[in-house]
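# Fold and geometry: a report
Residue-level listing of the chains:
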Amino acid sequence: MKKTIFLASAVMTMIIAGCTSETYELEKSALQRSSNQVTLTVAAVTKSPDLVGDPETRIAYGSEDATWEEGDKIFLIKSDGTTITLTLSDGVGTSTGSFTSTDAVTAGSYTPYAVSATSLSKGYVSVSDGAISLDLSTAGGGTLADALEHDILKGDALELTDDQAEAEITGLTTHILSYLRFRFTSESKAIASIGMNSAGGVYKTVTIASDGTVSGSDASTDVVSVTASDDDADTYAGYFAVFGSTNTSLLAHAEDADGGKYSRLVSTKEATYTAGTVYGKTFTLSEAMVTADASGTLSDQTWKNLGLSVKWAKLNLGATGEYDYTYNDYDTAVPSGWRKPTKAEVAELFYASSRTWITGSVKAVRFDCNGNTLNIGAGGIYYEWFNNAYSYGDRINNEGVLVQFWVSDNEYDACSISSEGTVLGFGNHPYKYNSRNDSYNFYRAAIRLVCDY
């Protein structure tokens, strides 16, 4: 396991969110002004046990002795923006190393950071005067140790004078990044890669300024992928570095050796990820999922397999064409084996797919996901029952601007996809009685069904 994970100050105990306290030890470090060397000692660390549960769960990893490796570096950032780079010169394979700089270490105040050589060789870290930048789009490797080598540890400022012979590095805190671990268990498919993306964007770049300020930039919804690691029998995992937080609708997907993709919704809520913590979620791909055809029939209804957690009906209930809207009451009976989707399943379809707004004689949203396509026509309307007759009220979205269909979470809940397929929302549309004129107002939307594998 990489050593940069375990650096800390003289004796420091850290307690994280209900987990076992961890003690880090750092022997006195010397900065020899004549040779520009610093010596650090890294102690073994035991992390907390595994916890299982929701996506924001701490994931355990074991205790190992951390050792320095060829090419490891220490960065000192001076208050005036000067960056000094020190490279490991002695102590490869041990827990104590000497770091030497080819640049003169002049008097002043410095903030120390430690990073690994492997991350540098992958272009993960770049250094310029006054700043260290991390490219988070270069994801971690296939093991936890590989992922954690992409890390930076920050120490308290060093105040150096012209006649100072040595200095003690103190207050070295936990890494500034956190990690997401997604695991896919498959009965028969070997997983080649694992990816993630967020509809709200994840920071692709993190910058540490000369004053130690950490900031994220270049938020992107691009998919970041890593090579999968078989970290258990038929279980494949990928690790991703994240900074701070990510907005709604975080997705993970696995891709098998044949190019098949299996997308899963991780969370629809904004989440903040604590630095130094690994969070994870496991998804099971059943034999039925990985062997399902691209399309098929159930109870005379055609389904399409988009590689999601459920199969989606090709048509709205009662429709004869892919763009036909058809209106249904919430409680309309559905064929055997089918059901209305949940909000999470709709969100999975929405965020896992690329979406195209179809215009012309019909309006619809086309969802493209994992090589298959699903079209859902636009529509939605509400009626008024008055004097024993139906009459149209104001049309939801003027009919043909918004895609709307019922979901199953609560009675009369409906999904609404608006702004030409770019915005997803949910609302409750109950029957409403108007006592003033003895009338009932109620909505009618489409029913787009799903079936389980």
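Note that the structure is a prediction, hence the values are computed from the model and not measured.

### Looking at the overall build of the chain
Broken down by element type, the chain carries four helices and 38 strands. Within the chain, the proportion of its 453 residues that are buried is 51%. Taken as a whole, the chain presents about 18,900 Å² of accessible surface, with 45% of it coming from carbon and sulfur.

### A closer look at the layout of surface pockets
Computed from the structure, the largest pocket encloses a volume of approximately 210 Å³. Sorting the residues of the lining of the largest pocket by element identifies strand 22 (261-267) and helix 3 (287-291) as the ones contributing at least two each. Per-class residue counts for the lining of the largest pocket are six nonpolar, seven polar and five charged.

### Some details on the packing of aromatic side chains
In this description, a pair of aromatic rings is defined by centroid distance and the angle of the planes. Considering all chains together, one arrives at seven aromatic pairs under this definition. Arranged with centres 6.2 Å apart and planes meeting at 80°, the rings of W312 and F405 form a pair that is edge-to-face. Of the two residues, W312 is situated in strand 27 (residues 311-313) and F405 in strand 33 (residues 403-406); the sequence distance between them amounts to 93 residues. Note on W312: relative accessible area 0%, which makes it buried. Within the aromatic cluster, the residues linked to one another by ring pairs are Y330, W406 and Y412. The ring of W303 is capped by K311, whose NZ or CZ atom sits 3.9 Å from the centre of that ring.

### Considerations on the pairing of strand 29 (residues 364-369)
Here five bridges tie strand 28 (residues 354-358) to strand 29, and the two strands are oriented antiparallel to one another. The partner of R355 across the bridge, within strand 29, is F367. Following strand 28, the chain reverses through five residues before pairing antiparallel with strand 29; G360 in that reversal takes a positive phi of roughly 125°. With six bridges connecting them, strand 29 and strand 30 (residues 372-377) associate as antiparallel partners.

### Regarding empty space enclosed by the protein
Applying the stated criterion to the full structure yields four cavities of 30 Å³ or more. Every residue lining the largest cavity is counted, 13 residues in all, and those nearest its centre are M196, V202, Y203, A241 and V242. At the level of elements, strand 15 (202-209), strand 19 (235-242) and strand 20 (245-246) are the ones that each hand at least two residues to the lining of the largest cavity. Looking at which element gives the most residues to the lining of the largest cavity, the answer is strand 15, with three residues.

### A few points about the side chain of S249
Within the element layout of this structure, S249 appears in the loop between strand 20 and strand 21 (250-256). Setting aside its immediate chain neighbours within four residues, S249 contacts N197, S198, A199, L265, S267, T268, K269 and Y351.

### Re a negative patch on the surface
Negative charge collects at one region of the surface, where E187, D230, D232, D234 and E287 lie side by side. Following the sequence through the fold, D234 ends up in the loop between strand 18 (229-232) and strand 19. The exposure class assigned to D234 is partly exposed, which follows from its relative accessible area of 38%.

### Focus: unusual backbone geometry
Negative phi is the rule for most residues except glycine; trans is the rule for most peptide bonds. Residue S299 is not a glycine yet carries a positive backbone phi of 50°. Note on placement: S299 falls in the loop between strand 25 (295-298) and strand 26 (301-304). Residue S299 is classed as partly exposed on the basis of its relative accessible area of 31%. If you check the backbone angles, E420 has positive phi at about 55° while not being a glycine. Positionally, E420 belongs in the loop between strand 34 (413-418) and strand 35 (423-428).

### A few points about the side chain of K304
By the element assignment, K304 lies in strand 26. Side-chain polar atoms of K304 contact the backbone oxygen of T373, separated by 2.6 Å. In contact with K304, not counting residues within four places along its chain, are A294, S295, K311, W312, K314, E322, N372, T373 and L374.

### Observations concerning the sheet that holds strand 26
As summarised here, the arrangement of the four strands in space is 25-26-27-38, forming an open sheet in which the pairing is antiparallel. Each having just a single partner strand, strand 25 and strand 38 (450-451) make up the two edges of the open sheet.

### Describing the sheet that holds strand 30
Strands sit in the order 28-29-30 across an open sheet of three strands; the sheet is antiparallel. Edge strands, defined here as strands with exactly one partner in the open sheet, are strand 28 and strand 30. If you compare each strand with its neighbour and ignore which way they point, the axes differ by 20° on average.

### With respect to the confidence of the model for the chain
Mean pLDDT over the chain stands at 74; residues scoring 70 or higher make up 69%. Below pLDDT 50 for its whole length, residues 1-35 participates in 126 contacts with residues either more than four positions away or in separate chains. Within the model, pLDDT remains below 50 along residues 43-65, and this stretch shows 58 contacts once partners closer than five positions in the same chain are excluded.

### Looking at the environment of R366
With respect to the secondary-structure elements, R366 resides in strand 29. Accessibility expressed as a relative area gives 29% for R366, which makes it partly exposed. Taking the C-alpha atoms as reference points, R366 and I376, ten residues apart in sequence, are found 6.6 Å from one another. Beyond its immediate stretch of four places on either side in the chain, R366 contacts S354, R355, T356, I358, T373, L374 and N375. Polar side-chain contacts of R366 include one of 3.1 Å to the side chain of D368.

Calculation criteria
Residues numbered from 1 in each chain as written. Predicted model: local features only at pLDDT ≥ 70, side-chain atom pairs only at ≥ 80, totals over all residues. Heavy atoms only, no water. Helix = DSSP H or I, 4+ residues; strand = E, 2+ residues; numbered from the N terminus. Buried < 20%, exposed > 50% of the residue type's maximum accessible area, 1.4 Å probe, protein only. Areas by Shrake-Rupley, 256 points an atom, 1.4 Å probe, with all protein chains shown as cover. 1 Å grid on protein atoms, 1.4 Å probe; cavity = no way out; pocket = protein on both sides within 12 Å on 5 of 7 lines; lining within 4 Å. Points joined across faces, edges and corners; volume = space filled by probe spheres on them. Nonpolar A, V, L, I, M, F, W, Y, C, P; charged D, E, K, R; others polar. Phe/Tyr/Trp six-rings, centres within 6.5 Å; stacked < 30°, edge-to-face > 60°. Lys NZ or Arg CZ within 6 Å of the ring centre and 35° of its normal. Pairing = 2+ DSSP bridges. Contact = heavy atoms within 4.5 Å. Patch = residues over 30% accessible without salt bridge, like charges linked within 9 Å, V, L, I, M, F, W, Y side chains within 5 Å. Salt bridge = Lys/Arg side-chain N within 4 Å of Asp/Glu carboxyl O. Lys, Arg positive; Asp, Glu negative; His and termini not counted. Charge placed at Lys NZ, Arg CZ, Asp CG, Glu CD. Polar contact = N/O pair within 3.5 Å; in protein donor to acceptor, adjacent residues only side chain to side chain. Axes fitted to C-alpha atoms, helices over the stretch in contact; angles between N-to-C directions. pLDDT = per-residue confidence, 0-100.

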